[in-house]
Each structure stands twice: as structure tokens, then as C-alpha cells.
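Analysis of the macromolecular model
What follows is the residue order along each chain.
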Amino acid sequence: MRQEQRDGLIRSQNMKQLERTRMTLWNETKSLPITKEMVWAAYLEVKQKGKSAGVDQISMSIYEKDRSKHLYKVWNRLASGSYFPPPVLQVEIPKKDGTKRQLGVPTISDRVAQTVIKHQIEERLEKMFHDSSYGYRPQRNAHQALAKVEENCRRQDWVIDLDIKNFFDEIDHNKLRLALDKHVEEGWIKMYIDRWLRSPLQTKTGKQSVRERGTPQGGVISPLLANLFLHYALDMWLTQKFPQLKFVRYADDVIIHCHSYEQAIACLAETKSRLLNCRLRIHPQKSKIVYCKDYRRKGVYREVKFDFLGHTFQPRTSKSKKTGNLFLGYGCAMSIKSRTRIFAEIRKMNIPRMMCNSIVGIAHRLNPKLRGWIRYFGRFRGWSLSRVFYVLRIRLVRWARYKYKRYRHNLNKAYRWLDEIREQFPNLFYHWQVGFSN
């Protein structure tokens, strides 16, 4: 028996050694420098970010069941130069203005492949990107962009709120290839990027459409390509044409700060012309010139506020840190549109009718949402969330009245019950933990 165990152990060790040898040979004999370790690292990144399925209808839970087979296929084809991306699933989501935004959802395997190639070029592109670009970049985020805009608004009187119409759908492929040629020497990387640019869109009904421009908003590599395109189309051009002006760009949302109204008019006209030369269009209704009115600026102008990254910049009453006196400043807080979207989300959750045995179950389901809202909108004038939590408080009381008969006909008693719950369990809901009053 012992001899059989020894023989089994030896066979197992031999099989592991053979597998390691095969992996080494596979990685060494493929024509392109793509290793299995690169594919695995890309897969782990994709797994953290999304679980939705593409045209193949394979979600992350299904993908996991046959993960080795899928990842081996991705590596084998990427490393041999034979990888061709499948069509991208076309999905429509509503925009703030009531129109539809076209998103492209690649398959999970395609997202892994895009991540592998993105890792090959991201570091070198990051080194040359403009310091005023904040969107979809490592170690940069929306809060940094908002803080920079707020700082610039204190120094410059005027703002150009620039909106590029359908930016991701209208990126010119030939101009993008010129930018890639300047920074990417490897022909195989450009070959794969070109295949992604040309991969067709497919609706849920199976209808396909060929793309001659644009890069799918929803693809892994699309934000990096978009930043590269706008680096030359806008960032570097603004730096050379208007070196005295400050600007902040988050993907295709651009804020340009000007010293005077005349300068803002001239800059907007030339920027519009520049973008037209790059085959991009400024949205005529959404792009505007705004006066940053505060206690120092006494002019009277129609436009004194603008929205940026879900926040509204406008004249606001502020308190001096030195004297404690109130004064009219200019800053940002959560926009009315953002608050309306949160209200719609709360209604959709139908809290009063949630089937939970106790309020602990309600908290478990709500806390991920609350955490996200507070972490994003609570950074700048967090009191703007108070109305959200006021509405949430009403919904929780309604749930209690549906759940417990003793509160059904006594509203005040239901509110007292919720207050007692907060007193006893102050960490139950995330907004209670961080000290919001409602």
C-alpha cells in the first residue's frame, strides 16, 4: 500500500512538472510576447469591475465554471496573432437630457483581451498625458477634477462649459492611428487595436452594423484611446494656443477658465473650429459661457452656474474659516439632476414593500448604495444629501407601518421607533455611521 502511495505521489509530481514544462514551452514558442500570467492578471481585473454578458450571453458566473478553457483560448489566440474580437453588444441607457446613450458591451473574454493590450501601452501613454486630464487614469479621480475646477473658479472670472457631442461615437479612426503610430512601435498591438475599432455593433435582436468611426463606450481600452485622441485634439492644442488659460478635462467633459468675457468668446470660437477640424462637434445647447459670480464680482449676467461630474457650480453662501463671517462664494455641491436620479432609484427599490424580517435586512440591502452616494457626493458640501436621507427616513417609517400592526395607525409612534433604533444601533445604516441627521 505504501509503495502504491509512493508511485501515485511520483506520478502526481511528474504530471505537475510536465504541466510547468508545457507552460514554459507554450509561452516561449508563441510568436507574440503574451504570457498566461498576463492573461490571468487581466482576468482578475475584469472580474472586479463587471459581470455583464456580451453577445455570447456568457455572464461572469457562467464564465467561472469553465474559466481555464476560456482563458487558455484567449491566451492562445492573442499570443499567436489570431485573435479576432466578436461583435460588441449594443445597449441603450437613458441620458440626463432624456436621449439615449449607446454603450458597447464586449464579451468577458474580449474584455480580458483588451485589458492585456491596455496594460502593454498604458504606462507609456500615461507619462505624456496632460496634467489637466483626470478621466479614466490611474491615481486620478473625479474629486480631484472637481477640486481643481473649484480652485480655478476662485482665480478666473469666466468658464467655458464645453460639451463634445457623441464623442466616443465620432472618434476619427485615421487620426487616432496617427497618434498611436507616434507612441506605439509594436505592429501587433496596433493590429489588435485596429480590429477592436472595426468590430461591429450587434443589437439584442442580432442585427449588426459596421463601424467606420468611434470606439465603443463600455470597452476596456476605449477610455485610454479616447484620452490619447483628445490629448492631441484638445489638450496640447489648448496649451499651445492659449498657454495662459487653465482647463480641466474629465474624458469628454471639459471646463476652460478665462479671465474675461471677450477671451471666453474668442476661445470658444477657436475651440469649436479646432474640434471640427478633428471631426468632432460641440453640443450647441449644452456648451455655454458662465460668469463665476461671487462677493468680488459685481457683474450681472444670465449664466452663473454650470454642471460638471454630477455637481453644480454656482454662487453659494460660505463661512470664512478665519472670521466665521458669511460671504458669497462660488463652489460646487450635488446637482439637482443627480439628486433626482437618486430619488428615482429609491422609488425603484420600493423600500416600504421590501420583504425583510427586520430593519437589519433593509440596512444590508441599502448600505452599498448609501456608501456610494456619500463617498461621491459627500465630499463637497455633503449637506446637499440631507434631502435624500429625509426621503429615505420617510420610506423606512412606511416600511415599519406595513411590517408592524402597532405602528399602522400611529405615524408619530413609528417615527419614535426609528429614532430609538438609531439610538440603540448607530452603525446600522451607513449614513448614521458618518453622522447625517436624517
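1. What to know about the overall build of the chain
- Broken down by element type, the chain carries 16 helices and 12 strands.
- Taken over the C-alpha atoms alone, the chain extends approximately 85 × 70 × 50 Å along its principal axes.
- Scored against the burial criterion, the 438 residues of the chain give a buried share of 47%.
- Intrachain contacts of the chain at a sequence separation of at least 6 include 68% that bridge at least 24 residues.

2. Brief notes about the layout of surface pockets
- Looking at the second largest pocket, its volume works out to about 410 Å³.
- As for the second largest pocket, its lining consists of 17 residues, and the residues nearest its centre are Arg-154, Ser-318, Phe-327, Tyr-330 and Arg-381.
- Breaking the lining of the second largest pocket down by element, the ones donating at least two residues are α6 (142-155), β11 (311-319) and β12 (326-334).
- Counted by class, the lining of the second largest pocket contains 5 nonpolar, 4 polar and 8 charged residues.

3. With respect to the side chain of Asn-152
- Summarising the element assignment, Asn-152 is placed in helix α6.
- The buried category is assigned to Asn-152, whose relative accessible area is 2%.
- Here Asn-152 is in contact with Lys-246, Val-248 and His-257, once residues within four sequence places are set aside.

4. Comments concerning the nonpolar core
- Ile-160, Leu-162, Phe-167, Ile-193 and Ile-256 are the most contacted members of the largest nonpolar core, which has 66 residues in total.
- Per element, the largest residue contribution to this core is 10 residues, and it comes from helix α10 (residues 222-241).
- Other than its neighbours up to four places away in sequence, Ile-256 contacts Trp-158, Val-159, Ile-160, Leu-162, Leu-238, Leu-245, Lys-246, Phe-247, Cys-267 and Thr-271.
- Ranked by size, the runner-up nonpolar core spans 35 residues in total, among them Ile-351, Cys-356, Leu-385 and Leu-392.

5. Comments concerning the sheet that holds β11
- As summarised here, the arrangement of the 3 strands in space is β10-β11-β12, forming an open sheet in which the pairing is antiparallel. Of all the strands in the sheet, the pair left with one neighbour each is β10 (306-308) and β12. Within this sheet the neighbouring strands show an average axis-to-axis angle of 50°, counted without direction.
- For β10 and β11, the ladder comprises 3 bridges, and the chain directions are antiparallel. What sits directly across from Asp-307, in β11, is Thr-312.
- Taken strand by strand, α6 contacts β10, β11 and β12, and its axis lies near 150° from that of β10.

6. Section: the pattern of salt bridges
- Evaluation of the coordinates by the stated rule reveals 24 salt bridges.
- Residue Glu-186 pairs with Arg-124 through a salt bridge whose shortest N-O separation is 3.0 Å. Separated by 62 residues along the polypeptide, Glu-186 in the loop between α8 (173-183) and α9 (187-198) and Arg-124 in helix α5 (residues 108-126) bring together distant segments of the chain.
- The exposure class assigned to Glu-186 is partly exposed, which follows from its relative accessible area of 26%.
- For Arg-124, a relative accessible area of 28% translates into the label partly exposed.
- In this structure, Asp-419 engages Arg-393 in a salt bridge whose closest nitrogen and oxygen atoms are separated by 2.9 Å. Here the residue Asp-419 occupies a position in helix α15 (residues 411-424), and Arg-393 occupies one in helix α14 (residues 386-403), the gap between them amounting to 26 residues.

7. Quick word on a nonpolar patch on the surface
- Together, Tyr-295, Phe-327 and Leu-328 make up an exposed nonpolar region whose accessible area comes to about 260 Å².
- Within the secondary structure layout, Phe-327 lies in strand β12.

8. Some remarks on unusual backbone geometry
- Non-glycine residue Asn-166 carries a positive phi angle of around 50°.
- Along the polypeptide, Asn-166 turns up in the loop between β3 (158-165) and α7 (167-170).
- In this model, Leu-309 sits at a positive phi of 55°, which is unusual for a non-glycine residue.
- As for its placement among the helices and strands, Leu-309 is situated in the loop between β10 and β11.
- Residue Leu-309 is classed as buried on the basis of its relative accessible area, which comes to 14%.

9. Regarding the packing of aromatic side chains
- Scanning the model with the defined rule gives 24 aromatic pairs in all.
- With 6.2 Å between their ring centres and 20° between their planes, Tyr-43 and Tyr-63 make a pair best called stacked. Pair noted here: Tyr-43 is in helix α2 (residues 36-49) and Tyr-63 is in helix α3 (residues 60-65), with a separation of 20 residues, a long-range link.
- Taken together, a centroid distance of 4.6 Å and an interplanar angle of 80° make the contact between Trp-158 and Tyr-301 edge-to-face. Of this pair, Trp-158 sits in strand β3 while Tyr-301 sits in the loop between β9 (288-291) and β10, placing them 143 residues apart in sequence.
- The exposure class of Tyr-301 is partly exposed, given its relative accessible area of 41%.
- A cation over an aromatic ring shows up here: Lys-36 above the ring of Trp-75, its NZ or CZ 5.1 Å from the ring centre.
- Lying across the ring of Tyr-134, Arg-140 places its NZ or CZ 4.8 Å from the centre.

10. A look at α10
- When the terminal C-alpha atoms of α10 are compared, their 27 Å separation across 20 residues agrees well with the 28 Å that a helix rising 1.5 Å per residue should span.
- The principal kink in α10, of about 50°, is found at His-231.
- Burial of α10 is extensive: 15 of the 20 residues sit out of reach of the surface.

11. Concerning the confidence of the model for the chain
- Looking at the chain, the pLDDT average stands at 90 and 92% of residues meet or exceed 70.
- Across residues 21-28 the pLDDT falls below 50, and counting only partners more than four positions away or on other chains, this stretch makes 11 contacts in the model.

12. Description of empty space enclosed by the protein
- A full pass over the atoms with the stated rule returns 1 cavity of 30 Å³ or more.
- Estimates place the volume of the largest cavity at around 70 Å³.
- At the level of elements, α9 and α10 are the ones that each hand at least two residues to the lining of the largest cavity.
- Here the residues of the lining of the largest cavity are counted per class, giving 7 nonpolar, 5 polar and no charged.

Conventions and cut-offs
- Residues numbered from 1 in each chain as written.
- Predicted model: local features only at pLDDT ≥ 70, side-chain atom pairs only at ≥ 80, totals over all residues.
- Heavy atoms only, no water.
- Helix = DSSP H or I, 4+ residues; strand = E, 2+ residues; numbered from the N terminus.
- Buried < 20%, exposed > 50% of the residue type's maximum accessible area, 1.4 Å probe, protein only.
- Contact = heavy atoms within 4.5 Å.
- 1 Å grid on protein atoms, 1.4 Å probe; cavity = no way out; pocket = protein on both sides within 12 Å on 5 of 7 lines; lining within 4 Å.
- Points joined across faces, edges and corners; volume = space filled by probe spheres on them.
- Nonpolar A, V, L, I, M, F, W, Y, C, P; charged D, E, K, R; others polar.
- Core = buried A, V, L, I, M, F, W, Y, C linked by side-chain atoms within 4.5 Å.
- Pairing = 2+ DSSP bridges.
- Axes fitted to C-alpha atoms, helices over the stretch in contact; angles between N-to-C directions.
- Salt bridge = Lys/Arg side-chain N within 4 Å of Asp/Glu carboxyl O.
- Patch = residues over 30% accessible without salt bridge, like charges linked within 9 Å, V, L, I, M, F, W, Y side chains within 5 Å.
- Areas by Shrake-Rupley, 256 points an atom, 1.4 Å probe, with all protein chains shown as cover.
- Phe/Tyr/Trp six-rings, centres within 6.5 Å; stacked < 30°, edge-to-face > 60°.
- Lys NZ or Arg CZ within 6 Å of the ring centre and 35° of its normal.
- Expected span 1.5 Å × (residues − 1).
- Bend = angle between axes of the 7 residues up to and from the residue.
- pLDDT = per-residue confidence, 0-100.

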